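Chain by chain, the residues:
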Amino acid sequence: MLSRNNFQKIFQKPKIAASYAWMYLWYRFGLTIPASQFWEDLILSYLIRKNDGFYVDIWANDPFGWNNTYLFYRKGRTGITIEPNKQLFKKLKKYRSRGINLNMAVGLSWSLTYYEIDTNGMSTCDKEIADFYESKGHVITNTYETPVKKLSEIFDTHVKWNKIDLLSVDAE
């Protein structure tokens, strides 16, 4: 719980203060805290006002933070999360067990080389982008082949009769 003392401790550190100021205000007034990077989930939740439904989240990232569908999951919706990063996939599988979690990329080829970068949200299947991040001081922590499927194949296998209410694509 965010008490007044905890809130004051957070604001003694300026870098942390800016990051958590909005979170305290949302918490203080009993509003939903967004999980997506730019509050897309909050905006979409306002536009899509039903509590059931089906989503597809491509390159879902972390199950909680920087995730466009976590708010919908919390409200009881279910869907498919697709994440090529092995570590993030394990977290999705553990914490988003109600839905379908796939450890792969979406595209036209059979497999791609995946480059894990040391900063969340920067990993990629594009060698040029990975090299660019490396030239800026980031570290490629791991590389491996990840399976790739066409979106139509994923839909044929997993969506079947479900109507997709939200399609979130966060990829290059």
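All values derive from a computational prediction rather than experimental measurement.

A. Fine view of the confidence of the model for the protein chain. Of all residues in the protein chain, 77% attain a pLDDT of 70 or more, and the chain-wide mean is 81. For the protein chain, the element scoring lowest by mean pLDDT is helix 1 (residues 4-11), at 50; strand 3 (residues 100-102) scores highest, at 97.

B. Structural view of the sheet that holds strand 4 (residues 105-106). Strand order in the open sheet formed by 3 strands is 4-6-5, with mixed pairing between adjacent strands. Edge positions in the open sheet fall to strand 4 and strand 5 (111-117), since each of these has one partner strand only. Examined bridge by bridge, strand 5 and strand 6 (residues 140-149) share 7 bridges and lie antiparallel to one another. Bridge pairing links Y114 to Y144 in strand 6.

C. Representation of the packing of aromatic side chains within the structure. For the structure on display, the rule yields 5 aromatic pairs. With a centroid separation of 5.9 Å and an interplanar angle of 55°, the aromatic rings of W59 and Y114 are classed as tilted. One end of the pair, W59, is in the loop between strand 1 (54-58) and helix 4 (70-74); the other, Y114, is in strand 5, and 55 residues separate them in sequence. In terms of burial, W59 and Y114 fall into one category: buried. Here F64 and Y70 contribute two aromatic rings whose centre-to-centre distance is 5.1 Å and whose plane-to-plane angle is 85°, an arrangement assigned as edge-to-face. Accessibility expressed as a relative area gives 16% for Y70, which makes it buried. Taken together through their ring pairs, the aromatic side chains of W59, Y114 and Y144 make up a single cluster.

D. Region of interest: a nonpolar patch on the surface. Taken together, the side chains of I43, Y46 and L47 define a hydrophobic patch exposed on the protein surface, amounting to about 370 Å² of accessible area. Take L47: it is sitting in helix 3 (residues 40-47).

E. Local environment of the layout of surface pockets. Put simply, the largest pocket is a space of about 480 Å³. For the largest pocket, the lining is made up of 28 residues, of which N61, N120, G121, M122 and D170 are closest to its centre. Elements that contribute at least two residues to the lining of the largest pocket include exactly helix 5 (86-95), strand 5, helix 6 (127-135) and strand 7 (166-169). Looking at the lining of the largest pocket element by element, the count peaks at 3 residues for strand 5.

F. Molecular detail of the pairing of strand 6. Sheet analysis places strand 4 next to strand 6, joined by 2 bridges and oriented parallel. By the bridge assignment, A105 is partnered in strand 6 with V148.

Definitions and limits used
- Residues numbered from 1 in each chain as written.
- Predicted model: local features only at pLDDT ≥ 70, side-chain atom pairs only at ≥ 80, totals over all residues.
- Heavy atoms only, no water.
- pLDDT = per-residue confidence, 0-100.
- Helix = DSSP H or I, 4+ residues; strand = E, 2+ residues; numbered from the N terminus.
- Pairing = 2+ DSSP bridges.
- Phe/Tyr/Trp six-rings, centres within 6.5 Å; stacked < 30°, edge-to-face > 60°.
- Buried < 20%, exposed > 50% of the residue type's maximum accessible area, 1.4 Å probe, protein only.
- Patch = residues over 30% accessible without salt bridge, like charges linked within 9 Å, V, L, I, M, F, W, Y side chains within 5 Å.
- Areas by Shrake-Rupley, 256 points an atom, 1.4 Å probe, with all protein chains shown as cover.
- Salt bridge = Lys/Arg side-chain N within 4 Å of Asp/Glu carboxyl O.
- 1 Å grid on protein atoms, 1.4 Å probe; cavity = no way out; pocket = protein on both sides within 12 Å on 5 of 7 lines; lining within 4 Å.
- Points joined across faces, edges and corners; volume = space filled by probe spheres on them.

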